[in-house]
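Listed below are the residues making up each chain.
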Amino acid sequence: MQYRQCGSSGLDLPAISLGLWQNFGEANAFDQQREIVLAAFDAGITHIDLANNYGPPPGAAELSFGRMLATDLAPYRDELIISSKAGYRMWPGPYGEWGSKKYLRASLDQSLKRMGLEYVDIFYSHRFDARTPLEETMGALKYALDSGKATYVGISSYTAEQTQRAREVAADLGFTLLIHQPSYSMFNRWIEEGEPSLLDALDGMGAIVFSPLAQGLLTKKYLNGVPDDSRAAQQGSFKTDMITNEVVDRIRALDEIAQQRGQSLAQMAISWVLRDPRVTSALVGARTVEQLHDSLGALENLEFSQSELDAIDTYAVEASVNIWKGRSR
Ligand SMILES: NC(=O)c1ccc[n+]([C@@H]2O[C@H](COP(=O)([O-])OP(=O)(O)OC[C@H]3O[C@@H](n4cnc5c(N)ncnc54)[C@H](OP(=O)(O)O)[C@@H]3O)[C@@H](O)[C@H]2O)c1
């Protein structure tokens, strides 16, 4: 594993981190989940990313990870960076989502309980909430730090402008935001766009970019239809209507470039998000240990020539995969 400094902080994160958003719910066999997480840790993936609502049902991934901590990982607690988040719907009523202090505080306590932890290493505001004063949402993150329930805090899917404001409010309150967690892939390049772009607005914060494979689209699996065991077949967060003929043609072209680089397409997709030094870590998902090992192979070739980047740019354009856009209020 290679470790990269998270912004200007003292914390290093693995270049590839593992997220438990999907494949770690009640419908997935615990043994399979455990095998993936232990394979990740054995490979030097010291960072496991969770959120209150990962499952299904919401909370299931944290419960499952808590079980792995109890059975296997507890002795290695100090070798692990464990994150959780709150922002999306977690329980009924007005205090079960968004950015109030009431919700964030209660949700963090619930996450700790599910995982059997005294603290998480990173606690995130999962999405921006314009209805709640930023002072209140940032105040809730400060509470997480001051209470010792989180070692660091971060924000997820905030725009460049929201990020700058959040950083200012945090500074006024006397703390710093460690990290931003945005979506980013060859088919979803919003963090590069705008003046300033989100990457420009980080200004000392680290970035861990999620769904670098566009939920599996940036692999070869959809070149000849939709496999039964794939995420798209479930028609949940990844709808088959994202797989248009035009997108499949672009995947084919990108796969040819990957082959010339001696990589699988998944590996090139991960290497590509890591080409910018402001990106600390690529946050991948995995359904099997084999997928995880394939993804880890990205680290063997992180360099791109200018002609490779130019060739990739021809095909690495928006493909309507950013389902997180517009989920703030
Ligand atoms: N902050 C946020 O709002 C937010 C939102 C979403 C995700 N996240 C974080 O980001 C993490 C990753 O998200 P993601 O799962 O969408 O990431 P991803 O890496 O883009 O997609 C993972 C999926 O791609 C397929 N795959 C993975 N490796 C493969 C390989 N080497 N070859 C072929 N297929 C491969 C698998 O799908 P199949 O089942 O189809 O094989 C796998 O479940 C989440 O677990 C979560 O921690 C955060």
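The coordinates are above.
## Thoughts on the sheet that holds strand E9 (residues 206-210)
Taken in spatial order, the eight strands close into a barrel running E3-E4-E5-E6-E7-E8-E9-E10, and their pairing is parallel. Between one strand axis and the next, the sheet turns through 30 degrees on average, direction left out of account. Pairing between strand E6 (residues 120-125) and strand E7 (residues 150-156): five bridges, direction parallel. Note that in E7 the partner of Ile122 across the bridge is Tyr152. Those strands touched by helix H4 (residues 134-146) are E6 and E7, and its axis lies near 155 degrees from that of E7.

## A few points about the packing of helix H7 (residues 245-260) against helix H10 (residues 306-315)
In contact at an axis separation of 9 Å, H7 and H10 are set at 170 degrees when each is read in the N-to-C sense. Here H7 is positioned roughly antiparallel relative to H10, judged by the angle of their axes. Seen from above, H7 lies across H10 with left-handed handedness. For the pair formed by H7 and H10, the contact residues are Arg250, Ala253, Leu254 and Ile257 on the first element and Ala311, Ile312 and Tyr315 on the second. Class assignment of the residues belonging to the contact of H7 with H10 gives a composition of six nonpolar, no polar and one charged.

## Here's the deal with the site of the ligand
Taken together, 31 residues lie around the ligand, and Asp49, Ser211, Lys221, Arg287 and Gln291 are the ones closest in. The backbone of Gly19 places a nitrogen or oxygen atom 3.1 Å from an oxygen atom of the ligand. Here an oxygen atom of the ligand sits 2.8 Å away from a polar atom, N or O, in the side chain of Arg231. About the coverage of the ligand: the protein hides 96% of its 910 Å² of free accessible area.

## What about the environment of Met242?
Within the fold, Met242 resides in the loop between E9 and H7. We classify Met242 as buried; its relative accessible area is 9%. Other than its neighbours up to four places away in sequence, Met242 contacts Leu217, Ser237, Val247, Ser320, Val321 and Ile323.

## Observations regarding the packing of helix H1 (residues 30-42) against helix H2 (residues 60-73)
Across the interface, H1 lies against H2 with an axial gap of 11 Å and an inter-helix angle of 65 degrees. Judged by the twist between their axes, the crossing of H1 over H2 is right-handed. For the pair H1 and H2, contact is made by Phe30, Gln33, Arg34, Val37, Leu38 and Phe41 and by Ser64, Phe65, Arg67, Met68, Thr71, Asp72 and Leu73, respectively. When its residues are assigned to classes, the contact of H1 with H2 shows seven nonpolar, three polar and three charged.

## Quick word on the side chain of Ser230
Relative to the helices and strands, Ser230 is located in the loop between E9 and H7. A distance of 3.5 Å separates polar atoms of two side chains, one belonging to Ser230 and the other to Tyr222. Reaching out from Ser230, the side chain makes a polar contact with the backbone oxygen of Pro227 at a distance of 2.6 Å. If near-sequence neighbours (up to four positions away) are discounted, Ser230 is found in contact with Lys221 and Tyr222.

## Description of helix H9 (residues 289-296)
Every buried residue of H9 is accounted for by Val289, Leu292, Ser295 and Leu296. Along the axis of H9, the buried residues cluster in a sector spanning 125 degrees; they form a single face.

## Comments concerning the pattern of salt bridges
Overall, the coordinates contain 20 salt bridges when judged by the stated rule. Put simply, Asp313 and Arg189 hold a salt bridge, and the shortest N to O gap is 2.8 Å. In this pair, Asp313 is assigned in helix H10 and Arg189 in the loop between strand E8 (179-181) and helix H6 (198-201), connecting sequence segments 124 residues apart. By relative accessible area, which is 35% here, Asp313 ends up partly exposed. In this structure Arg189 comes out as buried when scored by relative accessible area, which is 13%. Asp255 is paired through a salt bridge with Lys220; the nearest N and O atoms lie 3.6 Å apart. Of this pair, Asp255 sits in helix H7 while Lys220 sits in the loop between E9 and H7, and the two are 35 residues apart along the sequence. Linked by salt bridges that have partners in common, Arg189, Glu192, Arg275 and Asp313 make up one network.

Conventions adopted
- Residue positions within a chain follow its written sequence, with the count starting from 1.
- Only residues with pLDDT of at least 70 are given local features in this predicted model, and only at 80 or more are side-chain atom pairs given and counted; all residues enter the totals for whole chains, interfaces and linings.
- Think of the side-chain values as coming from all heavy atoms in the structure, minus any hydrogens and water.
- For two strands to count as paired, DSSP must find a minimum of two bridges between them.
- Numbering of helices and strands runs from the N terminus, with a helix taken as a DSSP run of H or I at least four residues long and a strand as a DSSP run of E at least two residues long.
- Fitting a line to C-alpha atoms yields each axis, with helices limited to the stretch in contact; the angle taken between N-to-C directions then spans 0 to 180 degrees.
- In this description, contact between two residues means that some pair of their heavy atoms is separated by no more than 4.5 Å.
- Each angle receives one of four descriptions, namely roughly parallel if under 35 degrees, roughly antiparallel if over 145, roughly perpendicular if within 65 to 115, and oblique otherwise.
- Crossings are sorted by hand: turned counterclockwise from the far helix by less than a right angle, the near helix makes the crossing left-handed, and turned clockwise it makes it right-handed.
- Here the nonpolar group is Ala, Val, Leu, Ile, Met, Phe, Trp, Tyr, Cys and Pro; Asp, Glu, Lys and Arg are the charged ones; every other residue, Gly included, is treated as polar.
- Any residue with a heavy atom lying within 4 Å of a molecule or strand is counted as near it.
- Whenever a nitrogen or oxygen atom comes within 3.5 Å of another N or O atom, the pair is scored as a polar contact, on the condition that within protein one atom can donate a hydrogen and the other can accept it, and that pairs from neighbouring residues in sequence are kept only if both atoms are in side chains.
- What sets the accessible areas is the Shrake-Rupley method with a 1.4 Å probe; for residues, cover comes only from the shown protein chains.
- Here's how the labels work: a residue is buried when its accessible area is under 20% of the maximum for its type, exposed when over 50%, partly exposed in between, all with a 1.4 Å probe on protein chains only.
- The arc in question is traced by the directions running from the helix axis to the C-beta atoms.
- Put simply, a salt bridge is a Lys or Arg side-chain nitrogen that is within 4 Å of an Asp or Glu carboxyl oxygen.

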